[in-house]
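Survey of secondary and tertiary structure
Here is what each chain is made of, one letter per residue.
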Amino acid sequence: MTQIDIHKGAEAESPYVPKMARILSAEQMTETERFFRIEMEEAPLAYQPGQFVGVTVFGVGEAPISICSSPTQGDAFELTVRSVGLVTNKLKEFGEGDRLGIRGPFGNTFPYEEMKGKDVLFVAGGLGLAPTRSLIRYVLDNRGDYHKVTILVGARDPSLLLFRDELEAWTGRDDVETLVTVDRPDKAWSGNVGVITRLFAKIQLDAAATYAVIVGPPVMFKFTVLEALAEGVPENRIICSLERHMKCGVGKCGHCQIRGVYVCREGPVFTYEQVKRLREGI
Amino acid sequence: MLPQVLKRNDLAAWVEALMADRTVAGPVLKETNVSDPSDEKFEWTVLEDAGDLRLDYNLTVLGPKSFLWPPRQQLVAYRLDDGPDPQPLIEHEPTVLLGVHPCDATAIATLDTAFGKDIPDPHYLARRADTAIVGLDCAAPCHESSFCLDMGSLYPDSGFDVMLTPMGEVIFVEAATDLGRALVKSAAVRPATKDDMEARQKFAEEKRSNFHYKLPYELKYLPEVLEQSYDSLVWEAIARRCFSCGSCNTTCPTCYCWDVTDDIADDLSGGVRTRRYDSCQLDTFAEVAGGENFREERSSRLRHRMFRKGKYILEQTGRVGCVGCGRCERACVAKISIKDTYVQIAGTR
Ligand SMILES: Cc1cc2nc3c(=O)[nH]c(=O)nc-3n(C[C@H](O)[C@H](O)[C@H](O)COP(=O)(O)OP(=O)(O)OC[C@H]3O[C@@H](n4cnc5c(N)ncnc54)[C@H](O)[C@@H]3O)c2cc1C
Ligand code: SF4
Ligand code: FES
């Protein structure tokens, strides 16, 4: 039984008070996705790839957002926000010098230590590239620690592609294989066309030595996992990041719960083996 | 401390003494059935007059939970002018909850663990630390919907500072903590006599014979019984009656899920972040951006509640998530019973 010290807990720092942060730069990446580079005003954010923060727009509310940068990129951190509602739409108006509240970092991390020495396959659909990028950047900044690196990225159409400059840079590197596809090409598009699973036919996988990091919308996730399994990647090496409704980030509000698991604390990163056992996971 | 008793006639004086130092909340008469004066309805409220306390109360729709875990609680205040300077809002005042039945004391112990474990929640814990709990033992079941004996909450081991046992003209007073011993100092207690001890013994025997087990298995098997029922059609069958109204959550003494909103002052000078009770039975509870809803089916939400109460909370905290008080069943317009559900799943696969 968990023993609780009520009096000590009564004196604890409130986990719900955001700390102040300042936007160093902001950029509208697509019509609906905005990129921010942010610095904490006091102590820098100590985070690891895969974690997320609660972003407060004072007077509006808070939203959980994945950190899309790697701690190897310095003290500031980055977010990519899709405008879908109250907080995220308000953020569209935010730019350099504006102040936000930040809580966190929350959640567990990608198993980047365990992955060392192995092949890494990243498969990112849509906004899934944001959380995935935290690990991509980490792996690229520690390139020597990892074996073969493959990055597959998919978007509905070219105008929705995130981090286009970086995609191009990664494509240009000879120590990484990067393939990008869109479902609906426009006239200017000369790259791959079709759902992301089609890219599997174009790559060579050493399945037994591979960690597959798959992040994207539920349908994409489901079919990509099927593809990875069919290639022979073990269930406990298929890594995903789950999105749930979250209000607290600290295992109290109940919103993120899948069965007995609090995604905000025990996740958001899970192996497919774990997600499968949760049943309500996907 | 030697066993003590308080004469019933001296109770009001003790309550008054407590009221001098602390806010005292307890059960009082709310209304009487017009056509049947013996049918009285009680509620938990802050006492204004010591004489209002009704230690002979049976049921309340809501337990004493709201004094520790208010339906709305302000968490953070910030300014909207130059610097937001967000500050925690942690409010508490010395309080006594007087007359807490064993089930509700057990539920408080569960809430303590939920808010205290891993990352402590000082907004709850500060109120809790400033609240003394005076329990009131039950001699007989309060209602057919209750199954506290099964859920291990009839004989609580914590969640109270003093336990009162009403025995006719006297009340047996047992202090369980230092705070409890301090509270009892202002009561006109006297050492228990041999007769008192015998009456206490008789109460215990009657209590034991008045309560009966209602589940066909022991509590320790409940998580496994639930697990095996996960794919059962039972959930769909029961959920057909559910209206997703959330009354079960509102009345549950251990439910603590919440939603958060930011409210802005009328003059736009600042804002307050407030949490309020939420319900896992509402269809938006697990919805995320893009419209994906991970518990879209009513049956999956109902199952989630039954699992959370019978399995998840127990597994996470070692404390029961359901104390068997029967409030959710009594509040449910569809008469969905957690007790009957736990009975029913024993026979399904
Ligand atoms: C771990 C995690 C990481 C995320 N990472 C990103 C990211 O990197 N970039 C990004 O753009 N979005 C991300 N999201 C989603 C983002 O949190 C929601 O889009 C955001 O909370 C919506 O807030 P809002 O105030 O703008 O919308 P609202 O006006 O509150 O609601 C719009 C819609 O969003 C849903 N929603 C509301 N609150 C939440 C919530 N707390 N969590 C999830 N859905 C919610 C509502 O059910 C509704 O369907 C992430 C979510 C989680 C849980
Ligand atoms: S009180 Fe009854 S009808 Fe309402 S949500 Fe709960 S189980 Fe469903
Ligand atoms: S977000 Fe509140 S419990 Fe996970």
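Structure first, text after, so check above.
As the structure is a computational prediction, the values presented were derived from the model and not from experiment. (Residues numbered from 1 in each chain as written. Chains lettered and ligands numbered in written order. Predicted model: local features only at pLDDT ≥ 70, side-chain atom pairs only at ≥ 80, totals over all residues. Heavy atoms only, no water.)

Regarding the nonpolar core
One broad rule of soluble globular proteins: the nonpolar side chains tend to lie buried together. Among the nonpolar cores identified, the biggest contains 89 residues, and Leu152 and Ile214 of chain A together with Trp14, Leu97, Leu98, Leu164 and Trp258 of chain B are the most heavily contacted of them. The biggest single contributor to this core is helix 3 (residues 102-116) of chain B, with five residues. If we skip the residues at most four places from it in the chain, Trp14 of chain B touches Leu6, Val134, Leu164, Leu183, Val184, Ser186 and Ala187 of chain B. In terms of nonpolar packing, the next biggest core, distinct from the first, is built from 35 residues, Phe35, Ile136, Tyr138 and Val180 of chain A among them. (Core = buried A, V, L, I, M, F, W, Y, C linked by side-chain atoms within 4.5 Å. Buried < 20%, exposed > 50% of the residue type's maximum accessible area, 1.4 Å probe, protein only. Helix = DSSP H or I, 4+ residues; strand = E, 2+ residues; numbered from the N terminus. Contact = heavy atoms within 4.5 Å.)

Observations regarding unusual backbone geometry
Glycine aside, residues mostly have negative phi, and peptide bonds are mostly found in the trans state. Of note, the amide linkage connecting Gly104 of chain A to Pro105 of chain A takes the cis form, showing an omega dihedral of 5°. Backbone torsion omega between Gly267 of chain A and Pro268 of chain A reads 10°, so that peptide bond is classified as cis. Tracing the backbone through its elements, the reader meets Pro268 of chain A in the loop between helix 6 (263-266) and strand 15 (269-271). The phi dihedral of Phe163 of chain A is positive, around 50°, even though this residue is not glycine. By relative accessible area, which is 5% here, Phe163 of chain A ends up buried. For Asp85 of chain B, which is not a glycine, the phi torsion comes out positive at approximately 40°. Following the sequence through the fold, Asp85 of chain B ends up in the loop between strand 4 (72-79) and strand 5 (87-88). The class for Asp85 of chain B is partly exposed, based on a relative accessible area of 40%.

A word on the site of ligand 2
Neighbouring ligand 2 are Cys242, Phe243, Ser244, Cys245, Gly246, Ser247, Cys248, Gln281, Arg305, Cys332 and Ile336 of chain B. Taken together, the residues that form the shell around ligand 2 break down as six nonpolar, four polar and one charged. (Near = heavy atom within 4 Å. Nonpolar A, V, L, I, M, F, W, Y, C, P; charged D, E, K, R; others polar.)

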